[in-house]
Structures are given as structure tokens and as C-alpha cells.
Amino acid sequence: MWLPMIGLTALPHVGGLYGGFITRKEVKNWYPTLNKPSWRPPNAAFPVVWTCLYTGMGYGSYLIWKELGGFTEDAVVPLGLYGLQLALNWAWTPIFFGAHKLKWALVEIVFLTGTVGATMVSWYSISRTASLLLAPYLSWLCLATALNYCVWRDNPEKKEE
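- The name given to the chain in an unreviewed UniProt entry is Translocator protein, with the source organism recorded as Xiphophorus couchianus.
- Database annotation for the chain, UniProt heading Subcellular location (unreviewed entry): "Membrane".
- Taken verbatim from the UniProt record of the chain, the Sequence similarities (unreviewed entry) comment is "Belongs to the TspO/BZRP family."

In C-alpha cells form, the structure reads like this:
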């Protein structure tokens with residue numbers, strides 16, 4: 001049972017590594033040019049926080065997978081919601097940092113946050129522990145959504161001529 005636990009716990013980090021690759025250059029060049037609220041976390045906090053959040057959500061998915069006997073018919077909704085939120089999570093960084101589309105990133109992160117909430121609800125009756133492992137993630141997404149909103153509001157997109 002070690003291989004599924006390690007694999008499912010590590011899976012979210014795949015998108016995190018890809019996102020880090022995209023973000024690295026933009027945090028040095030583009031991101032400093034944006035108006036940001038004074039309450040935003042320091043840049044150094046993001047990799048630490050995301051490492052913890054990805055590990056928690058990945059382990060939670062393993063608990064659900066194990067409780068439902070793998071990728072069974074009963075797992076379609078709870079693991080399907082999890083997969084959807086994971087795809088939305090991985091998509092945000094290329095939209096915000098890669099394409100510099102602040103408004104679309106905001107729309108996307110609102111859908112992401114809602115999908116994480118739905119995932120938590122679907123997991124709760126299966127494993128309270130797994131559901132609660134997503135609570136810090138949902139809290140961070142609320143902060144990230146507010147930050148994305150402020151950055152979008154305070155940095156109007158330039159009209160292309």
C-alpha cells in the first residue's frame with residue numbers, strides 16, 4: 001500500500017513544479033511591476049505554503065481512494081471533483097503568471113475555490129480527516145482569491161491598439 005500512498009500524495013506536486021517553473025522568471029520581472037496590497041504574503045512564503053497544501057490534499061486523496069477501494073464506481077464523484085480542482089489549480093499559474101490575464105485568473109480561482117469546497121463536502125461522509133486536510137487549502141485559496149482580486153482591480157489591463 002506504500003506505492004499508492006506515495007503516488008497520490010506526490011501527484012499534486014507535479015503541477016506545483018510546473019507552476020514554479022513558470023513563476024520563477026515572472027516573480028523577478030513582471031510581478032514586481034504590479035500594484036499589490038500591503039497585506040500580501042512575502043514571495044518566500046508561497047513555495048513553503050504550497051508544498052504543505054499539495055502534500056495535504058494529495059494525502060487526503062489517498063485516504064479517499066483507500067476508503068472507497070480504489071478507483072471504483074463510488075469514487076467517481078469524490079475523486080472526479082478532486083481531479084477537477086487539481087486541474088483548475090494547475091491552470092491558474094499559466095493564466096496569471098504566464099499569460100498575465102488577471103481577470104481570467106480571478107474567474108478561474110473563483111471556480112477553483114468552489115470546486116475545493118464541493119470536494120470537501122463530497123469527502124466528508126467518506127473521511128472527515130481527508131475533508132479536513134483540505135481546510136487549510138480552502139483558507140489559502142480565499143486569501144489568494146482576495147489577492148488576485150486586488151491585483152486585478154489595481155492593475156487595469158492595457159487596451160491593445
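## So, the UniProt feature "transmembrane region" (unreviewed entry) in the chain
Step number 1: Annotation from UniProt places "transmembrane region" (unreviewed entry) at residues 6–23, 44–65, 77–97, 104–126 and 132–152.
Step number 2: Each end of residues 77–97 is marked by a C-alpha atom, and these two atoms are 31 Å apart; helix forms 100% of the span and strand 0%.
Step number 3: The span residues 104–126 is 91% helix and 0% strand, and its two end C-alpha atoms sit 34 Å from each other.

## What to know about the nonpolar core
Step number 1: Residues Phe96 and Tyr137 are the most contacted members of the largest nonpolar core, which totals 39 residues.
Step number 2: Elements represented by at least two residues in this core include exactly α1 (2–29), α2 (45–67), α3 (76–98), α4 (102–124) and α6 (135–154).

## Quick word on a nonpolar patch on the surface
Step number 1: Nonpolar side chains collect at one region of the surface, where Trp104, Val107 and Phe111 lie side by side and expose about 350 Å² of accessible area between them.
Step number 2: The topology assignment puts Val107 in helix α4.
Step number 3: A residue is classified by how much of its surface remains accessible, and Val107, at 34% relative accessible area, is partly exposed.

## Remarks on the state of the cysteines
Step number 1: If you walk through the whole model with that rule in mind, you get zero disulfides.
Step number 2: The thiol of Cys52 is unpaired, and the distance to the nearest cysteine sulfur, on Cys142, comes to 18 Å.
Step number 3: Cys150 takes part in no disulfide bond, and the closest cysteine sulfur to it belongs to Cys142, at a distance of 14 Å.
Step number 4: The exposure class of Cys150 is buried, given its relative accessible area of 9%.

## Quick word on the packing of aromatic side chains
Step number 1: Evaluated as defined, the whole model comprises 14 aromatic pairs.
Step number 2: An angle of 35 degrees between the planes, with centres 5.6 Å apart, marks the rings of Tyr82 and Trp123 as tilted. Taken together, the residues Tyr82 in helix α3 and Trp123 in helix α4 connect sequence positions 41 residues apart. We note that Tyr82, like Trp123, is buried.

## Remarks on the packing of α1 against α3
Step number 1: α3 packs onto α1 with a crossing angle of 10 degrees between their chain directions and a minimal axis gap of 9 Å. One way to sum up the angle between α1 and α3 is to call them roughly parallel. Of the residues in α3, those in contact with Leu11, Pro12, Val14, Gly15, Gly16, Tyr18, Gly19, Ile22, Thr23, Glu26 and Val27 of α1 are Tyr82, Leu86, Trp90, Thr93, Pro94, Phe97 and Gly98.

How each quantity is defined
Residues numbered from 1 in each chain as written. Predicted model: local features only at pLDDT ≥ 70, side-chain atom pairs only at ≥ 80, totals over all residues. Heavy atoms only, no water. UniProt positions renumbered as here; feature names shortened; annotations may be inferred. Helix = DSSP H or I, 4+ residues; strand = E, 2+ residues; numbered from the N terminus. Core = buried A, V, L, I, M, F, W, Y, C linked by side-chain atoms within 4.5 Å. Buried < 20%, exposed > 50% of the residue type's maximum accessible area, 1.4 Å probe, protein only. Patch = residues over 30% accessible without salt bridge, like charges linked within 9 Å, V, L, I, M, F, W, Y side chains within 5 Å. Areas by Shrake-Rupley, 256 points an atom, 1.4 Å probe, with all protein chains shown as cover. Salt bridge = Lys/Arg side-chain N within 4 Å of Asp/Glu carboxyl O. Disulfide = S-S within 2.5 Å. Phe/Tyr/Trp six-rings, centres within 6.5 Å; stacked < 30°, edge-to-face > 60°. Axes fitted to C-alpha atoms, helices over the stretch in contact; angles between N-to-C directions. Parallel < 35°, antiparallel > 145°, perpendicular 65-115°, else oblique. Contact = heavy atoms within 4.5 Å.

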